[in-house]
Protein chains: 2
Amino acid sequence: MPRPTGRVLTLLELLQSGGTRTVAELADRLGVDGRTVRRYVDQLIDLDVPVESVRGRYGGYRLAPGYRLPPLMLSDDEALAVLLGLIAGRRTGLTTDRTASETASAKIRRVLPRHVARRLDTLLAALAFTDQPGEFDTPDAGVLLTIADAVRHLRPVSIRYTDREGRRSERTLHPYGVVAHAGRWYVTGEDAQLGEDRTFRLDRIDDARTLPGSFAAPAGPDPAQRVVSGFATAEYRHEVTLRIHGTVAQIRARLPETVASLEEHEPATERWRRVEVRAERLDWVPPVLAALDRPFVVERPDELRDLVVAFADRLTSSARGERGSAGRP
Amino acid sequence: MPRPTGRVLTLLELLQSGGTRTVAELADRLGVDGRTVRRYVDQLIDLDVPVESVRGRYGGYRLAPGYRLPPLMLSDDEALAVLLGLIAGRRTGLTTDRTASETASAKIRRVLPRHVARRLDTLLAALAFTDQPGEFDTPDAGVLLTIADAVRHLRPVSIRYTDREGRRSERTLHPYGVVAHAGRWYVTGEDAQLGEDRTFRLDRIDDARTLPGSFAAPAGPDPAQRVVSGFATAEYRHEVTLRIHGTVAQIRARLPETVASLEEHEPATERWRRVEVRAERLDWVPPVLAALDRPFVVERPDELRDLVVAFADRLTSSARGERGSAGRP
DNA sequence: AAATAGTGGACAGAATCGGTCCGGTATTAG
DNA sequence: CTAATACCGGACCGATTCTGTCCACTATTT
């Protein structure tokens, strides 16, 4: 029998896992009097948890949309579904805010009970995305969370950093933003000691902790993006240019932001759009194009045209039951 | 200046959003003494929140994996990413437990602040999944959550049900399981008054509430599945039989449980597997098969072979730049 | 009209809370 | 090896909060 704090939290959990519940039932489950349950409800409301009451017969308490999100109590299975979903979202490009997806993932992963973590690992191992483009290494959860939090609340952080030559240093940073680029995560911001903008690779940061106080929001349009734009002229083996007929959503479903850039004018109408893809390898492109199931034109490279034709031939052979030529190269 | 409950929750939030934090910092943020912070930490530990301490210089408190999942405090953006992820997971078939995915989604949706809900709706509307197979209607959040919770904890529920003829009735049910089938959600269980197994459509249940007490777990292998197997001989237009070479995960990535049944022996090895798909239409099958990028054989129907060949021809034409024949039918 | 359910004030004893003080232990830098 | 940094947790005690009880009131549904 926990303290009041615990009981209030248990009440929240009960409300979250069901529809409408009567005071009597809640009181029974919590082992307190009905009057106390009502007092707990008042407390939850004070905490901005949107508890709604329904009076009269078939009445009770239930949760409703509110002003801010209350703490969520998920079961193991639900947490697993959420993590898999976040991965799926990143892979399909449905996710619009990569950082939010990563931080959410990190928050859950960090407290995931071991037996659930094991299930997750098994599933992921079995997946073995050998043929998916643009899978990113996830950075250290603690560092990412601390810095993402600092960015949001404009708080300075102290980081321990190891540079390319293996030199360790401790710096105070005013972080502007966190960006994923080419499979790596970076934080950009002002080095408070040097007084100039710098970019650090997250995987080179051993430890990060927020410092008291806060800094002024940087002026100008999205400095994080500005700093990272230095990467824009990256070195990829293949530069693919396509024209695809469809809506932005249709195209993004298979070619997420991390791999393709796309004209996004009139996103909801079907029209021809120029799509540019940078890739180390081309072999994953034909199946993705096929899955799109939209009319397309390969502008370059010619090599890709041949790959698509070869891929289509394999499909035809399979369909005709010519098993000998059905295997992959 | 909230009550202790609120402060404990704030502490949890602080721990969840960052790496290691010292007592001093936490005390400062919470506006209480350091000793009190330590007492709060004790409380969190009592609540099964796995707070870990690191002693010595650079020490502090942080979260660690524990035995059960603590309440999660997500930001708006993170909640949005999670919901989109859950949808993506369902669409791609990465999700293994559909019910968990739905209940997680319902839990979040129900408390989602309106301004976030609006963002979500906008995104979803823009998506307009015209060409995806097997999109399910989501049932009423309250009813689904209540019943899923009752299934897990073996609690009887009282439901208000409207049957096919529009007759309303109130029943006491011992729910065995929740199943999604052919675009609808069902709960199966024993009707406590009648003493026999019944299946109810979730969308026909107006209200559900858990009753005190609990019932004995039903004997025998997965009664939910057994009852639903009555649906097995459903009336679909096309029965597709394929053989696909690959691991279960590879195949499930494009052919989720909701559309295909699959031999799951030796799931992690690449081998030929029989895959059965039931569908109203066949036109979505070729792109899905192509996206799989695995060797396959179409056993039946012959019509599908022709469709795949036609699809491959379209691909080839596109690749060769013959725009005239590149359009969809 | 009856039954079901939430609302909220008042009261008093019990329990909790939170600040202060303090001697202890673990870890790391130098 | 030592100093500095942090966590650890017992003891004490006044102030505050919590909880159960009792009760009259309102809203809904059948």
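Presented here is an overview of the structure given in this document. Fair warning: this is a prediction, and the values are worked out from it, not measured in the lab. (Residues numbered from 1 in each chain as written. Chains lettered and ligands numbered in written order. Predicted model: local features only at pLDDT ≥ 70, side-chain atom pairs only at ≥ 80, totals over all residues. Heavy atoms only, no water.)

Before going further, it helps to examine the interface of chain A and chain B. Often, the extent of an interface is quoted as the loss of accessible area upon association of its parts. In this assembly, 106 residues from chain A lie in contact with 106 residues from chain B. Summing both sides of the interface, chain A and chain B together bury roughly 10,000 Å²; the carbon and sulfur share of this comes to 59%. At the junction of chain A and chain B, the tally comes to nine salt bridges. We note a salt bridge from B:E78 to A:K107, for which the minimum N-O separation is 3.0 Å. At the boundary of chain A and chain B, one finds 30 residue pairs in polar contact (both at pLDDT 80 or more). Top element by residues in the side of chain A that touches chain B is helix 4 (residues 76-92) of chain A. It accounts for 13 residues. Partitioning the side of chain A that touches chain B into residue classes produces 49 nonpolar, 27 polar and 30 charged. (Contact = heavy atoms within 4.5 Å. Buried area = accessible area lost by both parts, 1.4 Å probe. Salt bridge = Lys/Arg side-chain N within 4 Å of Asp/Glu carboxyl O. Polar contact = N/O pair within 3.5 Å; in protein donor to acceptor, adjacent residues only side chain to side chain. Helix = DSSP H or I, 4+ residues; strand = E, 2+ residues; numbered from the N terminus. Nonpolar A, V, L, I, M, F, W, Y, C, P; charged D, E, K, R; others polar.)

Below, the discussion takes up the packing of helix 1 (residues 4-16) of chain B against helix 3 (residues 34-46) of chain B. Residue and element names in this part refer to chain B. It is the contact of helix 1 with helix 3, at a shortest axis distance of 10 Å, that shows an interaxial angle of 80 degrees. On the basis of the axis angle, helix 1 is roughly perpendicular to helix 3. Taken together, the residues of helix 3 that come into contact with helix 1 (itself represented by P4, R7, V8, L11, L12 and L15) are V37, Y40, V41, Q43 and L44. Here the residues of the contact of helix 1 with helix 3 are counted per class, giving nine nonpolar, one polar and one charged. (Axes fitted to C-alpha atoms, helices over the stretch in contact; angles between N-to-C directions. Parallel < 35°, antiparallel > 145°, perpendicular 65-115°, else oblique.)

So, about the pattern of salt bridges. Considering all chains together, one arrives at 32 salt bridges over all chains under this definition. As a salt-bridge pair, B:R3 and A:D46 come within 3.8 Å of each other at their nearest N and O atoms. Residue B:R3 is located in the segment before helix 1, and its partner A:D46 is located in helix 3 (residues 34-46); the two belong to separate chains. Classification of A:D46 by relative accessible area gives exposed; the value is 54%. A network of salt bridges, in which partner residues are shared, links A:R21, A:E25, A:R29 and B:D149. (Buried < 20%, exposed > 50% of the residue type's maximum accessible area, 1.4 Å probe, protein only.)

Let us look at helix 5 (residues 98-111) of chain B. Residue and element names in this part refer to chain B. Helix length check: helix 5, at 14 residues, gives a terminal C-alpha distance of 21 Å against a target of 20 Å (1.5 Å per residue), a fit within 8%. By the criterion of burial, helix 5 is predominantly enclosed, with twelve of the 14 residues buried. Taken as a whole, helix 5 has its buried residues at R98, A100, S101, E102, T103, A104, S105, A106, K107, I108, R110 and V111. (Expected span 1.5 Å × (residues − 1).)

With that out of the way, let us pick up the relation of the copies chain A and chain B. In this structure, two copies of a chain are linked by a rotation about an axis accompanied by a shift along it. With an RMSD of 0.7 Å, chain A superimposes on chain B once it is rotated by 179 degrees and translated 0.0 Å along the axis. Read as a symmetry element, the transformation amounts to a two-fold axis. In terms of proximity to the rotation axis, the leading residue of chain A is A:G85, whose C-alpha is 1.5 Å off the axis. (Least-squares fit on C-alpha atoms with pLDDT ≥ 70 in both.)

Turning next to the sheet that holds strand 10 (residues 271-279) of chain B. Residue and element names in this part refer to chain B. A sheet is described by the order of its strands in space; here four strands give the open sequence 9-10-8-11, paired in antiparallel fashion. In the strand order of this sheet, the two ends are held by strand 9 (260-262) and strand 11 (296-300), each with one partner. Strand-to-strand twist of the sheet, defined as the mean angle between neighbouring strand axes without regard to direction, takes the value 25 degrees. This element, helix 11 (residues 302-320), spans strand 8 (238-246) and strand 11 of the sheet and lies at about 140 degrees to strand 11. (Pairing = 2+ DSSP bridges.)

Bringing the packing of aromatic side chains into the picture now. On inspection of all chains with the given rule, the structure shows two aromatic pairs over all chains. Relative to A:F200, the ring of A:Y161 lies with its centre 4.8 Å away and its plane at 75 degrees, an arrangement referred to as edge-to-face. A residue pair is termed long-range when its members are at least 10 positions apart, and A:Y161 in strand 3 (residues 157-162) and A:F200 in strand 6 (residues 196-201) qualify at 39 residues. For the cation-ring pair, A:R160 lies above B:Y58, with the distance from its terminal atom to the ring centre recorded as 4.5 Å. (Phe/Tyr/Trp six-rings, centres within 6.5 Å; stacked < 30°, edge-to-face > 60°. Lys NZ or Arg CZ within 6 Å of the ring centre and 35° of its normal.)

Turning our eyes to something else, we now look at the side chain of A:T316. If you trace the backbone, A:T316 turns up in helix 11 (residues 302-320). Look past the residues within four positions of A:T316 in its chain and what remains in contact with it is B:V309 and B:A312.

We now examine the sheet that holds strand 9 (residues 260-262) of chain A. All names here are of chain A. Taken in spatial order, the four strands of this open sheet run 9-10-8-11, and their pairing is antiparallel. Only two strands of the sheet have a single neighbouring strand rather than two, namely strand 9 and strand 11 (296-300). With strand direction ignored, the average angle separating the axes of adjacent strands in the sheet is 25 degrees. Bridging between strand 9 and strand 10 (residues 271-279) involves three bridges; their strand directions are antiparallel. Bridging across to strand 10, L262 finds its partner in V275. Seen against the sheet, helix 11 touches strand 8 (238-246) and strand 11 and runs at an angle of roughly 140 degrees to strand 11.

A few words on the protein's contact with DNA strand D. Around DNA strand D there are 25 residues in total, and A:T36, A:R39, A:R55, B:R38 and B:Y61 lie nearest to it. One nitrogen or oxygen atom from the side chain of A:Y40 is found 2.7 Å from a phosphate oxygen belonging to DNA strand D. The side chain of B:R35 places a nitrogen or oxygen atom 3.0 Å from a base nitrogen of DNA strand D. Elements with a minimum of two residues in the surface near DNA strand D: helix 1 (4-16) and helix 3 of chain A together with helix 3, strand 1 (51-54) and strand 2 (60-63) of chain B. A per-element tally of the surface near DNA strand D places helix 3 of chain A first, with five residues. Broken down by class, the residue content of the surface near DNA strand D amounts to six nonpolar, seven polar and twelve charged. (Near = heavy atom within 4 Å.)

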